[in-house]
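Chains, contacts and geometry: an overview
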Amino acid sequence: MKNESKKLIVIGCGPKGTALGVKNKVLQDLGYNVPDVIIIEKENVGAHWDGKHGLTHGRLPLGSAPQKDIGYPYRSLFDKKVDKEMQKYSWNAYMIEKDYYVDWIDKGRLAPTHIEWAKYFQWAVKKAGVKVYKGEVVKINKEEDKWKVKFINGKANEVMGDGLVITGPGEPKQLPIYGIVEKKNSIPTVLDGKNFWQFVKHFRKLKNVKIALLGGGESAASIIVGLLDHVDIATVKVDLINNGHATVFTRNENSLDNMHFSDPTHWKLLTEEERIRFIKAARAGNFSVYAKNIIDEHYLNSWVSYKAVNMKYVKPLKIVAGSDKPGLVYSLADGSIKKSEYDFIISGIGFNALSFTKFMKDTNELTNKHDLEKKIQDDMSVKDIKPTLHLPMLSALNQGIGFSELTCLGLLADRILQPYVSKK
Ligand SMILES: Cc1cc2nc3c(=O)[nH]c(=O)nc-3n(C[C@H](O)[C@H](O)[C@H](O)COP(=O)(O)OP(=O)(O)OC[C@H]3O[C@@H](n4cnc5c(N)ncnc54)[C@H](O)[C@@H]3O)c2cc1C
C-alpha cells in the first residue's frame, strides 16, 4: 500500500536507482506502506553502462560479480520474504528468463559486458513495473521542509519530495586546462573519463601518436583497455601516469577484502584511519585483473619490437592546450617542474561526487567532501541536512565501501528506504 504522504526523489536510474525502485515495489506488493519513489533519468535505464552515454563503450567486462545484483546480499533488513521476492529480479533469474543461463554456466560464468549489465537493469525495471520519469534534472531547491526538483523533458516539470537520493559517480574530474582544446582527427586533444568513450572509435587505427593517460583506478583501467583495443599498437605510445605512484595496483579479489564490499557489518569495528587505508587501497588499486593482463601484453614484451605502454613517475599539475599538441605540466620527484607535449591527454582521474551541487542555489553545507563523508548516516543521508539528502556515493568511509559501488545494492536500497517504510 502506498504511503502517499511520503515522496522520495531519486536522480538517475542506474544500478542504485533500479535497486531502489524494484525494492520499493516488492515491499509494496508484500503489504508494506511504502513511499512514492520518483525516479528521474535523463537518458535511459542503465545509460552509464550501455556504451552510448560515455564512461564505457559497453564491451568492457564488469569488474565485480554480476550475482552482486539488485537484491544482493539477500539479507534484507525487512524480512526474509523480501529476499525471496527479490530473487525474481536477480541476475540468475534474468539469465534464466532470457535462456542465457545454460550457456553462461557452461562458459564458466564469464563476466558480463557493461551492455549486458545495462540490459539486466532495463529488464528488472520493466518486470517490476517501476515508473521512471524521463528528464534531465536542472535545478534542486529547498522549499520549507521539502526538496523541489525541476527536470526538463521538452518542457519543464517540478516534483516535491521529502527525501532526495543522488546517484551516479558525478562529473569526471579534470586537471586545470589553460587555452582552447583543439581537435585532431575529429577528436578533442584533451579528454576525460566520460567523453573519451564518445570519441573512442575515432582512435581506430590512429598511427604515430603519443598519448598521456592520467590515473590509476577503474576509469583509467577501462580507458587503457579501450585505447589498446583501437589504436595501432605498433606505432602509438601511451604514457601511463598514476600521479607519481610507482605502478598501477591491481584489484585484490580475496574474500577478506570482498566481505567488506558485500556486507559492511564489521565496518564500524574498524578505526577511521583503518577504513581510510582500506578505501585508498581498494580505490587506488583498482585496475581489474582483466585490465592488468591487457597492459602486460602490451608492456614488457621484450621479444616484440614495440612497447605501447610506458609508466611515467610524475605528478600531473595542469594542461596547456591551444595547439594540436597539448602540453602536460608535471612535477618530478626532485620537485622540478617540466612540460611534455602529447597528441592527446586523457584524464581518467575519477569523478567529483559533489558535481550535483551545480543544480543547487544554496550549497554552503555541501562544499567539503571529507566533512560530508564523516556525516553519512545508516540511511546514507547527511546528518543535520534538512530535508533529507541521501548521498550513497559518499558513504564508503562511514557506512562501508560497498554502498558507493555495486556490491551490496540490495542492502543499500533497504537502508535508504527504511525510514520511509512502515508495516501495515
Ligand atoms: C567504467 C566504470 C566501471 C565500473 N565498474 C564497477 C564494477 O565493476 N563494480 C563496482 O562495484 N563498481 C564499478 N564502478 C563504480 C560504481 O559502482 C559505478 O559508478 C556505479 O554504477 C554507480 O551506480 P549508480 O546507480 O550510482 O550510477 P550510474 O550507473 O552512474 O547512473 C547514474 C544515472 O544518472 C543519470 N543522470 C546523471 N545526471 C542526471 C540528471 N541531471 N538528470 C537525470 N538523470 C541524470 C545518468 O544518465 C545515469 O543513468 C564502475 C564505474 C565506472 C565509471
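Residues numbered from 1 in each chain as written. Predicted model: local features only at pLDDT ≥ 70, side-chain atom pairs only at ≥ 80, totals over all residues. Heavy atoms only, no water.

**A look at helix α5 (residues 114-128)**
Worth spelling out the cut-off: Runs of E in the DSSP output that reach at least two residues are strands. Runs of H or I that reach at least four are helices, and both are numbered from the N terminus. In a helix, the anticipated span is given by 1.5 Å times the number of residues less one. It only takes one pair of heavy atoms within 4.5 Å for two residues to be counted as in contact.
With 15 residues, α5 should cover 21 Å at 1.5 Å per step; its first-to-last C-alpha distance of 21 Å lies within 8% of that length. Residues of α5 that are buried make contact with α1 (15-29), α3 (91-97) and β3 (132-134). One or two steps after α5, the chain reaches G129, where phi turns positive at roughly 70°.

**A word on the site of the ligand**
Our working definition: One heavy atom suffices: a residue is near a molecule or strand as soon as one of its heavy atoms comes within 4 Å of it. Polar contacts here mean pairs of N or O atoms no more than 3.5 Å apart (in protein, one a potential hydrogen donor and the other a potential acceptor; neighbouring residues in sequence count only if both atoms are side-chain atoms). Only the protein chains shown count as covering a residue, and every accessible area follows the Shrake-Rupley method with a 1.4 Å probe. In this classification, the charged set is Asp, Glu, Lys and Arg, the nonpolar set is Ala, Val, Leu, Ile, Met, Phe, Trp, Tyr, Cys and Pro, and all remaining amino acids, among them Gly, are polar.
Taken together, the neighbourhood of the ligand is formed by 30 residues, with E41, H48, G63, S64 and G168 sitting nearest. One of the backbone nitrogen or oxygen atoms of K16 is found 2.9 Å away from an oxygen atom of the ligand. K42 has a polar backbone atom sitting 3.1 Å from a nitrogen atom of the ligand. Protein burial of the ligand: of its 990 Å² of free accessible surface, 93% is covered by the chains. Mapped by element, the contributors of at least two residues to the shell around the ligand are α1, β2 (34-41), β4 (136-143) and α7 (218-230). Per-class residue counts for the shell around the ligand are twelve nonpolar, eleven polar and seven charged.

**Observations concerning the sheet that holds strand β6 (residues 155-161)**
Our working definition: When DSSP finds two or more bridges between a pair of strands, those strands are recorded as paired. To obtain each axis, a line is fitted to C-alpha atoms, and for helices this fit is confined to the stretch in contact; angles are then taken between N-to-C directions over 0 to 180 degrees.
Taken together, the three strands give an open sheet; going across it, the order is β4-β5-β6, and neighbouring strands pair in antiparallel fashion. Across the chains shown, the open sheet's two edge strands, defined by having one partner strand only, are β4 and β6. Adjacent strand axes in the sheet meet at a mean angle of 20°, parallel and antiparallel pairs treated alike. Inspection of the sheet shows β4 paired to strand β5 (residues 146-153) by seven bridges, in the antiparallel sense. Of the residues in β5, the one forming a bridge with E136 is I152.

**What about the pattern of salt bridges?**
Condition: Basic side-chain nitrogens of Lys or Arg form a salt bridge, by our definition, when they fall within 4 Å of a carboxyl oxygen of Asp or Glu. The buried label goes to any residue with under 20% of its type's maximum accessible area, the exposed label to any with over 50%, and the partly exposed label to all in between, with areas taken from a 1.4 Å probe on protein chains only.
Applying the stated criterion across every chain yields a total of 21 salt bridges. Between D263 and R75 there is a salt bridge; the shortest N-O distance is 2.4 Å. Separated by 188 residues along the polypeptide, D263 in the loop between α8 (255-262) and α9 (272-284) and R75 in the loop between β2 and α2 (80-86) bring together distant segments of the chain. D263 sits in the buried class, given a relative accessible area of 15%. Judged by its relative accessible area of 55%, R75 is exposed. Here D232 ties to K207 by a salt bridge, and the two come within 3.4 Å at their closest N and O atoms. Note that D232 is positioned in the loop between α7 and β14 (237-241) and K207 in the loop between α6 (196-199) and β13 (210-214), a separation of 25 residues in sequence. Through salt bridges with shared partners, one network takes in E143, K148 and E158.

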